[in-house]
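# Geometric and topological summary
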Amino acid sequence: MADEADVIVVGGGLAGLVAATEITDAGKRVIVVEQEGEQSLGGQAFWSFGGLFLVDSPEQRRLGIKDSYDLALQDWMGTAGFDRDEDHWPKRWAEAYVAFAAGEKRSWLRAMGHRIFPVIGWAERGGYDAMGHGNSVPRFHVTWGTGPGIVEPFERRAREAQASGRLTFRFRHRVDALHITGGAVDGVSGAILASDSAERGRSSSRQIIGDFTLRAQAVIVASGGIGGNHDLVRQNWPKRLGDAPKNMISGVPEHVDGRMIGITEAAGARLINRDRMWHYVEGIRNWNPIWPRHGIRILPGPSSMWFDATGTRLPAPLFPGSDTLGQLQYIMSTGYEYSWFVLTQSIIKKEFALSGSEQNPDLTGKSWLMTARRATNKGAPAPVEAFKTKGADFIVRDNLADLVTAMNKLSGDNLLKLDFVKAQIEARDREIENPYVKDAQVMNIHNARRYIGDRLIRTAKPHRILDPAQGPLIAVKLNILTRKTLGGFETDLDSRVFGHDGQVMKGLYAVGEAAGFGGGGMHGYRSLEGTFLGGCLFSGRNAGRAAAKDAG
Ligand SMILES: Cc1cc2nc3c(=O)[nH]c(=O)nc-3n(C[C@H](O)[C@H](O)[C@H](O)COP(=O)(O)OP(=O)(O)OC[C@H]3O[C@@H](n4cnc5c(N)ncnc54)[C@H](O)[C@@H]3O)c2cc1C
């Protein structure tokens, strides 16, 4: 096997695969170096829900959604809140990315066989004013086939390039250093890890059985973020979100270890916005874990009532699905690291979705029949029902007194007072009869149901939480779940990395989560969702094209 190529890509996740295939399409040779085994190809994207931020798509238009580049850019900027000198490139990436999402993104993917589920989700709805955080309209386009469906076209192209000799995979090769000659990055070296048959997503051994050195004209760092390394997450935790949580669960496999970020920084690359991260507050412990501390995120519809650990309802507009980091900040300010959803069987049935390819066998398996049952079934989707019966964070009871007793028992904190919780639920329930009311969450539910996609599969018919006919009652203890790294290596629009001295480092590129999905943090402080896979596609594509051109 050759130890040199035109370009080396570190990481076989989505961003690495996109970059590598653009390089081989340009007729150049590439080596993809990946610390995990072949069975893990695709990295986090395989596990993802496959949700993609697209703007003014045919799918949106079919549902009557009027979207535009201007509206999406307004939402993006209100959400990002760019306010730093180092936001120069992140902001330029944001503008370019929104244009990509409103332009070529869909047709480029479609030409590779990618398809979209026709009901568009409405994530991060905000609740502030038109210039504030959130999506004004539904934009979350779920890949038909979820995560595996977004990896598939790029894996196929990579395998074709491998067959023609232009692409070489080096699995179980862990990069420990970047090589620099005469100021230009021209290779990598590291450890060869013992082969390991651990299934995809499970932790693999770090036993070293050898070493390696590879040479090229350029290196693309596509090594992902830090979400699997809780120490690093705590170290980078910003004060504005309160103290770093002591207890978190993991929304990513252990290989999302952030190690290569330290190695690249030590080689001279400029890491910016490391305090910007995207973690969720609706995490539930997986009863059937794949990776350590495995947690799943609930993608909630708008109707569950949300209480903090003391039993106080979260303030407006912090309703389910509105403002992830606003909720995180509020929850951390309570002095407790968890919160509660209280809902009914009617709500769970229609509104609970779980993020992750393995939690959505209908969409992942591309089964129209199974997917149609989301709209017609009596119960919730099977994976949600499984959590309801087996999940450590779920409580199901016939009456509120028993529910609150069980909630106190589960938390062990004994903070919840039945009368206080009951008064808040009853007050909300009194507002449910009229379609125009005061309670902002109830108003949100009415608003959601005016969108056909939500009415079909995401928002339960308004009803009283304490109506026994809608029961049983359900409480879900929600944990903080680590996921995405929003900061990263500062890059120009060709994904070229800047050094500590502010000059482009010759031969070095960064893509995907390692580059803050472009520029060193194209999301700014917050995301509109479905923007991460897309950031891997866009930054990987730009890097691959530029690196191939530079390779002469
Ligand atoms: C459950 C789940 C659901 C998600 N849902 C969505 C969604 O619906 N929409 C969306 O936009 N995003 C979603 N995401 C986020 C998205 O999947 C990730 O942000 C994205 O896939 C990151 O891709 P990446 O290529 O940058 O990094 P990764 O996928 O982390 O790949 C990096 C690769 O580099 C390898 N590596 C690291 N260091 C080294 C080294 N030193 N040497 C060699 N190899 C190394 C790793 O082993 C890994 O394979 C989800 C993520 C998860 C986990």
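Quick summary incoming for the structure in this document. Per-chain numbering applies: the sequence of each chain, read as written, is numbered from 1 onward. Totals for whole chains, interfaces and linings use all residues, but because this is a predicted model, local features are given only for residues with pLDDT of at least 70 and pairs of side-chain atoms are given and counted only at 80 or more. Working from all heavy atoms in the structure, the side-chain values ignore hydrogens and water.

### Topic: the overall build of the protein chain
For the protein chain, the helix and strand inventory stands at 19 helices and 21 strands. Compactness check: the protein chain gives a C-alpha radius of gyration of 23 Å against a globular reference of 24 Å for 552 residues, within 12% of the reference. In terms of its C-alpha atoms, the protein chain occupies a principal-axis envelope of roughly 70 × 45 × 45 Å. It only takes one pair of heavy atoms within 4.5 Å for two residues to be counted as in contact. Contacts in the protein chain between residues far apart in sequence, at least 24 positions, make up 77% of those at least 6 positions apart. Shrake-Rupley sampling with a 1.4 Å probe provides the accessible areas, and residues are treated as covered by the protein chains on show and by no other component. Per element, the accessible surface of the protein chain, about 20400 Å² overall, is 50% carbon and sulfur. Charge separation in the protein chain, taken as the distance between the mean sites of 67 positive and 62 negative side-chain charges, equals 5 Å. The secondary structure listing takes helices from DSSP runs of H or I that are at least 4 residues long and strands from runs of E that are at least 2 residues long, numbered from the N terminus. Computation of the radius of gyration draws on C-alpha atoms, with the globule rule given as 2.2 Å multiplied by the number of residues to the power 0.38. We count Lys and Arg on the positive side and Asp and Glu on the negative side, and we leave His and both chain ends out. For this purpose, a charge sits on NZ of Lys, CZ of Arg, CG of Asp or CD of Glu.

### Remarks on helix α1 (residues 14-25)
In this scheme, a helix's expected span is set at 1.5 Å multiplied by one less than its residue total. Taking 1.5 Å per residue, 12 residues should reach 16 Å; α1 reaches 16 Å between its end C-alpha atoms and fits that length. The cut-offs for exposure are 20% and 50% of the maximum accessible area for each residue type, with area from a 1.4 Å probe on protein chains only; residues under the lower value are buried, those over the upper are exposed, and the others partly exposed. For α1, the buried fraction is high: 11 of the 12 residues fall into the buried class. Those residues of α1 not exposed but buried are Leu14, Ala15, Gly16, Leu17, Val18, Ala19, Ala20, Thr21, Glu22, Ile23 and Thr24.

### Thoughts on the nonpolar core
Within the largest apolar cluster, 136 residues are counted, with the highest numbers of intra-cluster contacts made by Trp76, Ile220 and Val476. With eight residues, helix α19 (residues 532-550) is the single largest residue contributor to this core. Beyond its immediate chain neighbours, meaning those up to four positions away, Val476 contacts Ile284, Ile298, Ser339, Trp340, Phe341, Leu343, Phe352, Asp393 and Phe394. Definition used in this section: a nonpolar core is a set of buried Ala, Val, Leu, Ile, Met, Phe, Trp, Tyr and Cys residues joined via side-chain atoms within 4.5 Å. Among the nonpolar cores identified, the runner-up in size contains 11 residues, and Phe140, Val142, Ala353 and Ile457 belong to it.

### Comments concerning the pairing of strand β1 (residues 7-10)
The alternating pattern of β1 places Val7 and Val9 on one face and Ile8 and Val10 on the opposite face, and all of these are buried. Here, strands pair whenever DSSP counts at least two bridges between them. Bridge count for β1 against strand β2 (residues 30-34) is four bridges, and the pairing is parallel. Each bridged residue has a counterpart across the sheet, and for Val7 the counterpart in β2 is Val30. After leaving β1, the chain enters α1 and then returns to the sheet as β2, a path that is right-handed. Two elements, β1 and strand β9 (residues 218-221), share four bridges in a ladder whose sense is parallel. Orienting the strands away from the viewer, one traces the path from the first strand over the helix to the second; a clockwise path indicates a right-handed crossover.

### Looking at the site of the ligand
A molecule or strand has a residue near it when one of that residue's heavy atoms lies within 4 Å. Not every one of the 40 residues close to the ligand is listed here, only the nearest: Glu34, Gln44, Gly51, Val175 and Leu533. At 3.1 Å from a nitrogen atom of the ligand is found a main-chain nitrogen or oxygen belonging to Gln35. Identification of polar contacts relies on pairs of N or O atoms within 3.5 Å, with a donor-acceptor requirement for protein atoms, meaning one able to donate a hydrogen and the other able to accept it, and with residues adjacent in sequence counted only if both atoms are side-chain atoms. Take Gly50: an N or O atom from its main chain is 3.5 Å from an oxygen atom of the ligand. Alone, the ligand offers 1000 Å² of accessible surface; in the complex the protein occludes 99% of this. Three classes are used, and their members are as follows: Ala, Val, Leu, Ile, Met, Phe, Trp, Tyr, Cys and Pro are nonpolar, Asp, Glu, Lys and Arg are charged, and the others, Gly among them, are polar. Each residue belonging to the shell around the ligand can be placed in one class, and the counts come to 16 nonpolar, 18 polar and six charged.

### A few points about the environment of Pro315
Mapped onto the fold, Pro315 is located in the loop between β14 (305-308) and α10 (324-333). What makes Pro315 partly exposed here is its relative accessible area of 35%. Through-space distance from the C-alpha of Pro315 to that of Asp231 is 31 Å; in sequence the pair is 84 residues apart.

### Some points on the layout of surface pockets
Buriedness for pockets is judged along seven lines, at least five of which must meet protein on both sides within 12 Å for an open set on the 1 Å grid over protein atoms alone, while cavities are sets there where a 1.4 Å probe fits but cannot get out, and lining residues have an atom within 4 Å of a point. Grid points are joined across faces, edges and corners, and a volume is the space filled by probe spheres set on the points. Here the largest pocket defines a volume of roughly 320 Å³. Residue lining of the largest pocket: 21 residues in total, with Trp122, Arg125, Gly126, Gly127 and Asn135 positioned closest to the centre. For the lining of the largest pocket, the element with the highest residue contribution is helix α17 (residues 440-448), accounting for three residues. Looking at the lining of the largest pocket, its residues break down into seven nonpolar, 11 polar and three charged. Taken as a whole, the second largest pocket encloses approximately 240 Å³ of empty space.

### Digging into the pattern of salt bridges
Salt bridges, as used here, are contacts in which a Lys or Arg side-chain nitrogen is within 4 Å of a carboxyl oxygen on Asp or Glu. Summed over all chains, the structure comprises 38 salt bridges. When the shortest N-O distance is used, the salt bridge between Glu22 and Arg545 registers 2.8 Å. On the criterion of sequence distance, the pair formed by Glu22 in helix α1 and Arg545 in helix α19 is long-range, its members being 523 residues apart. Given a relative accessible area of 7%, Glu22 falls into the buried group. Residue Arg545 is classed as partly exposed on the basis of its relative accessible area of 39%. Salt-bridge contacts for Glu385 lead to Lys388; the nearest nitrogen and oxygen are separated by 3.3 Å. Residue Glu385 and its partner Lys388 are both found in helix α14 (residues 382-390); the two are separated by three residues, about one turn of the helix. Taken together, the salt bridges that share partners define one network made up of Glu22, Asp25, Arg157 and Arg545.

### Quick look at helix α5 (residues 88-102)
Taking 1.5 Å of rise per residue, the 15 residues of α5 would be expected to cover 21 Å, and the 22 Å separating its terminal C-alpha atoms lies within 8% of that figure. When we look at burial in α5, the residues that qualify are Trp89, Pro90, Trp93, Ala94, Tyr97, Val98, Phe100 and Ala101. Buried residues of α5, seen end-on, are gathered within an arc of 165° and therefore sit on one face of the element. Residues of α5 that are buried sit in contact with β3 (51-53), α4 (69-80), α6 (104-110), β11 (271-272), β20 (496-498) and α19. Of all possible arcs, the one meant is that of the directions from the helix axis to the C-beta atoms.

### With respect to the packing of α1 against helix α7 (residues 146-163)
Where α1 contacts α7, the axes come no closer than 9 Å and their chain directions differ by 40°. Relative to α7, α1 is oriented oblique. With respect to the hand of their crossing, α1 and α7 are arranged in left-handed fashion. Residues Leu14, Leu17, Val18, Thr21, Glu22, Thr24 and Asp25 of α1 pack against Ile150, Val151, Phe154, Glu155, Arg157, Ala158 and Ala161 of α7. Each axis is a line fitted through C-alpha atoms, and for a helix only the stretch in contact is used; angles between axes span 0 to 180 degrees, taken between their N-to-C directions. For classification purposes, angles smaller than 35 degrees are called roughly parallel, those larger than 145 roughly antiparallel, those between 65 and 115 roughly perpendicular, and all remaining angles oblique. Here a crossing is called left-handed whenever its near helix is offset anticlockwise from the far helix by less than a right angle, and right-handed whenever the offset is clockwise.

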